[in-house]
Amino acid sequence: MATMARANSGPAYPERFYAAASYAGFDGSPNSNTKDIASRFSNDVALILYALYQQATVGPCNVPKPSSWSPVEHSKWKSWQQLGNMVSTEAMRLFVKILEEEEPGWYSRASNSVSEPVIDVQMNHNSNVEPIIENTNSFVETKIISAENGGLMETEDKDVVSEGLGSIVVYDKWISPPVIGQHPKARYQHGAAVFQDKMYIYGGNHNGRYLNDLHVLDLRSWTWSKVEAKVVPKSVESPSPVNIAPCAGHSLIPWENKLLSIAGHTKVPSETIQVKAFDLQTGTWSVLSTYGKAPVSRAGQSVTLVGTTLVIFGGQDAKRTLLNDLHILNLETMTWNEIGAVGAPPSPRADHAAAIHAERYLLVFGGGSHATCFNDLHVFDLQAMEWSRPTQQGEIPTPRAGHASVTVGENWFIVGGGDNKSGALETVVLNMSTLAWSVVASVEGRVPLASEGLSLVVGSFNGEDMLISFGGYNGHYNNEVNVLKPSHKSTLQSKMMEAPVPDSLSAIHNVTNPTRDLESEFEVGHEGKIREIVMDNIDTGHQKFEGEETTERIIATLKVEKEELESSLNKEKLQSLQLKQELAEAKVQNSDLHKELQTIRSQLAAEQSRCFKLEVDVAEQRQKLQTMETLQKELELLQRQKAASEQAALNAKQRQGSGGVWGWLAGSPPQNADNI
C-alpha cells in the first residue's frame, strides 16, 4: 500500500479539494469544466475528474442530456450522471485521491503553478490507445505492512537498513520494497512468472478492459520496465498473421526460453484453449500449434507444470459454465490429452489454486462456483489417475476464490482471495507431506494482499527465497509489489489438531472427509451471492470508488437487495403454495370430469348401438320400398295391357256388328247365319 504511505501533507477539506481542483484545471470559472486536461490525464481519468468536480460543486446531475451529437459532451454528461446522489464531501475526497494517484507530488507543485485559461476537454475515442501508466514515481523507503492496522509503517533500523532488501532480517512479514521505474497499469486476473531473476507481468483486467501489455521487474535492481513486444509474421509455423488479443484469467508459465500464456478470456472468445508464446530472446509473440483434441476455451483455470507437461484443471468457459475436467498438454509434442480419471473429482469451479508435490500429486484447493466459495482440498494421483479427498490438519483456511499460490520445497503458500464478503487476510502455508496448515502472516484492512486476482511468484535474493505479489482487486485495482521472506521455522510449524497426521501423501486414499466436502460444496447461506466482480469503466458510465461511505452505501444496497430477494422468495413460496392448491383442485376436477366422460362414453356407446339398429331398419324399409315400387310398375303395366286387350276386343265386336249392312251395300255376300 505505497500510495497510503505517500499521502501528501496540506490543508484539510474542503480547501484541499479546491487546491486540487485548481491544480487540475478546474478553477471555478464558468469555463473551468472545458479545460484541456487530456494532455495531462488519460480519457478515463479526465472524465471522472470532471464528473467528481461537478458533483462536488454543483451536486447530482440534473441537466438534460446533450441533444446535439457531441461525443465529448455526451461522455462528460454520462460520467456525471452515473455518480447518482453521491454526497459532495465524498466527491471531494475521491477527486483528491484520484489526483494523488495520478500525480503524487501535485501539492508541492501546486504552490508554484499558475492557472491558465481553460479550454474544452479533448478526448481520444480510439479504444485501442495504449492505457496511460499510472503511478510512475518511485518509492524512497522500504515499508512493512502492519498486522495491527493493515497500513504501512516505517521499519526500524534493526529490521531494515538503507541498503535495501539484501539486509532484511525480518521474516514472515509482508514488505513493500523500494521499486522504481515505469509501473504497470493497475490490474487483476493477470499472468505472472519469474525467469532469470526477472518477474514478468502479462495482460489482465482493468475496469472490465482486457490488457495485452508485458512488463518486467528486475528483482536485483527492483526496477520496472515495459517490454515492447513484437509479433511473429506469417511463416510456416504460423501460417496466418498472429493476433495477440488482450486477455485476462490466463496462466503464464516459464518454459525453456519462453513464456507460455495458456487460456484466458478474450473479447472475442475462441472455441478452444490457445497457447501463446513469448520468446525472451527475440522479444516476439507467436501462437503455437497444438495437436489432439484441445479443451474448450476458459479462464480461471489452474495450469501446473509437471516435468515436460502442463496439467490444466477446471475454470469457466465463455458461457460462464463451470468446469472440472482435467487435461494434459505435452510440451515436447504439443499434444493434448484428456484424462479419464477415477474417483470423485472436485465440484466444477474457477479461480482455485493448484500445486504439484513429488512430481506425482496434484493438489487443488478452494475456488468458487456461481453461488459459493470453497475451502476443500483434493488430490489427484498422476500415476494412479485417481482423485481423492484427504483430511486436512491444523486450522483449515476460510473458503476463498481468486487466491494465488506458489510452492517452496514441500510448502505450499497461499495468499489473498475472497469469499464474496471480504478478502482473505491470512497468508497460509500447507506442508504437502503432512497436509498440515499454518498461518505465516496476517494483515488487516483493505490491502492488496487481501485481493482477488493477484499474482504470486517466488524469487531468489542473496540465496534466499522470497514471495512476491503484484496487483489484485479489492474494490480498487492495484499495481503494487509486496514481498515476504519465509522462515524455515514458520513454514514447518502448524497449529495441530489432536488427530493423527499422515506421514505422506501416499496415505491420502485412506483418509477422506466426505462430510466437509458436502458442507463446503452444497451448503449455501442466505447471504451467498453470485461470486461476480462487475468491472465498470468510465466509457460505459460506471466507476467503482474506494471509501468508507461508498462501502456503506454498497452494504446498504446489498442489504436492500437481500431483503428484496427474501421478499421475492416469500412471494415465490406463496405462489408455489397457491399453485399446489390449484393443482390439487384441478386433479379433483379432472377426476370428476373423467367420471363424467366415462358416463358420456357409455351413453354414446348405447346411442351408437341404437343408431346402428335404426340404420338396419332403414335399410330394410328402403329394400321393401324398392320392392313395392317394382310391383307397382308391374301392376301398372298389367293394367295397361288389360286395358289394351279390352279395347281391342271392343273394337272387334263393333266391327262384327256392322259388317252385314256395309257388306250388303258394298255387294258383299252375306255371311252365314252360323257366324253371327
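Structure: above.
Residues numbered from 1 in each chain as written. Predicted model: local features only at pLDDT ≥ 70, side-chain atom pairs only at ≥ 80, totals over all residues. Heavy atoms only, no water.

Caption draft 1: Highlighting helix α3 (residues 43-57). Look at α3: 21 Å from first C-alpha to last across 15 residues, which is about the 21 Å you get at 1.5 Å a residue. Most of α3 sits out of view: 13 of its 15 residues are buried. Once α3 ends, the next one or two residues include Gly59, with phi positive near 115°. (Helix = DSSP H or I, 4+ residues; strand = E, 2+ residues; numbered from the N terminus. Expected span 1.5 Å × (residues − 1). Buried < 20%, exposed > 50% of the residue type's maximum accessible area, 1.4 Å probe, protein only.)

Caption draft 2: The arrangement of the pairing of strand β17 (residues 309-316) in detail. Across the eight residues that make up β17, a large majority, eight, are buried. Both strand β16 (residues 302-306) and β17 contribute to a ladder of five bridges, which runs antiparallel. Looking at the pairing, Leu305 lines up with Leu310 of β17. Between β16 and β17, which pair antiparallel one after the other, the connecting turn spans two residues, and Gly307 there sits at a positive phi close to 65°. Where β17 meets strand β18 (residues 322-330), seven bridges bridge the pair, whose relative direction is antiparallel. Directly across from Thr309, in β18, lies its bridge partner Asn330. Hairpin connection, β17 to β18: the antiparallel pair is bridged by five residues, and Arg320 has positive phi, about 65°. (Pairing = 2+ DSSP bridges.)

Caption draft 3: Fine view of unusual backbone geometry. Positive phi is not limited to glycine here, since Glu256 has a value of about 55°. Among the structural elements, Glu256 can be located in the loop between β11 (251-255) and β12 (258-262).

Caption draft 4: Just the sheet that holds strand β26 (residues 426-431), in detail. In space, the four strands of this open sheet follow the order β24-β25-β26-β27, with antiparallel pairing throughout. Of all the strands in the sheet, the pair left with one neighbour each is β24 (404-408) and β27 (436-442). Looking at each pair of strands side by side, their axes are set apart by 25° on average, direction ignored. Pairing of β26 with β27 involves six bridges; the strand directions are antiparallel. In the strand pairing of β27, Val429 is matched with Ser438. (Axes fitted to C-alpha atoms, helices over the stretch in contact; angles between N-to-C directions.)

Caption draft 5: Quick look at the sheet that holds strand β23 (residues 386-388). Spatially, four strands are ordered β20-β21-β22-β23 in an open sheet, and the strand pairing comes out antiparallel. Because the sheet does not close on itself, it has two edges, and the strands there are β20 (353-357) and β23. Across the sheet, the mean angle from the axis of one strand to that of its neighbour is 20°, orientation sign disregarded. In terms of strand pairing, strand β22 (residues 377-381) meets β23 through three bridges, oriented antiparallel. Following the sheet pairing, Phe380 is matched in β23 by Trp387.

Caption draft 6: Examining the packing of aromatic side chains more closely. Tallied over the entire structure, the rule returns 14 aromatic pairs. Note on Phe26 and Tyr53: the rings are 4.8 Å apart at their centroids and 25° apart in plane angle, and the pair reads as stacked. Here Tyr53 lies in helix α3 and Phe26 lies in the loop between α2 (15-24) and α3, a separation of 27 residues in the sequence. Taking 4.6 Å as the distance between ring centres and 40° as the angle between the ring planes, the aromatic pair formed by Tyr202 and Trp285 counts as tilted. (Phe/Tyr/Trp six-rings, centres within 6.5 Å; stacked < 30°, edge-to-face > 60°.)

Caption draft 7: Main features of the pattern of salt bridges. Within this structure, the stated rule accounts for 10 salt bridges. Residue Arg298 pairs with Asp325 through a salt bridge whose shortest N-O separation is 2.7 Å. Note that Arg298 is positioned in the loop between β15 (284-287) and β16 and Asp325 in strand β18, a separation of 27 residues in sequence. (Salt bridge = Lys/Arg side-chain N within 4 Å of Asp/Glu carboxyl O.)

Caption draft 8: Structural context of helix α5 (residues 88-102). Relative to the 21 Å expected for 15 residues at 1.5 Å per residue, α5 spans 21 Å between its end C-alpha atoms, a close match to the ideal helical length. Three or more residues of α5 are buried, namely Glu90, Ala91, Met92, Leu94, Phe95, Val96, Ile98, Leu99, Glu101 and Glu102.

Caption draft 9: Main features of the pairing of strand β21 (residues 361-365). Burial of β21 is extensive: five of the five residues sit out of reach of the surface. Burial of β21 is two-sided: the residues Tyr361, Leu363 and Phe365 facing one way and the residues Leu362 and Val364 facing the other way are all buried. Joining the antiparallel neighbours β20 and β21 is a turn of three residues, in which Ala358 adopts a positive phi near 60°.

Caption draft 10: Spatial organisation of the packing of α2 against α5. Following both chains from N to C, one finds α2 and α5 inclined at 50°, their axes separated by 9 Å at the closest point. Taken together, α2 and α5 sit at an angle that is classed as oblique. When the axes of α2 and α5 are compared, the crossing they make is left-handed. Only Met92, Phe95, Val96, Leu99 and Glu100 of α5 make contact with α2, whose side of the interface consists of Arg16, Phe17, Tyr18, Ala20, Ala21, Tyr23 and Ala24. Residue composition of the contact of α2 with α5, grouped by class: 10 nonpolar, no polar and two charged. (Parallel < 35°, antiparallel > 145°, perpendicular 65-115°, else oblique. Left-handed = near helix turned anticlockwise from the far one by under 90°. Contact = heavy atoms within 4.5 Å. Nonpolar A, V, L, I, M, F, W, Y, C, P; charged D, E, K, R; others polar.)

Caption draft 11: Spotlight on the packing of α3 against α5. Closest axis-to-axis distance for the α3/α5 pair is 8 Å, and the angle between their directions is 150°. With respect to α5, the axis of α3 lies roughly antiparallel. The element α3 and its partner α5 pack so that their crossing is left-handed. From α3, Val45, Ile48, Leu49, Leu52, Tyr53, Gln55 and Ala56 reach across to α5, where they touch Ser88, Ala91, Met92, Leu94, Phe95, Ile98 and Glu102. Across the contact of α3 with α5, the residue classes tally to 11 nonpolar, two polar and one charged.

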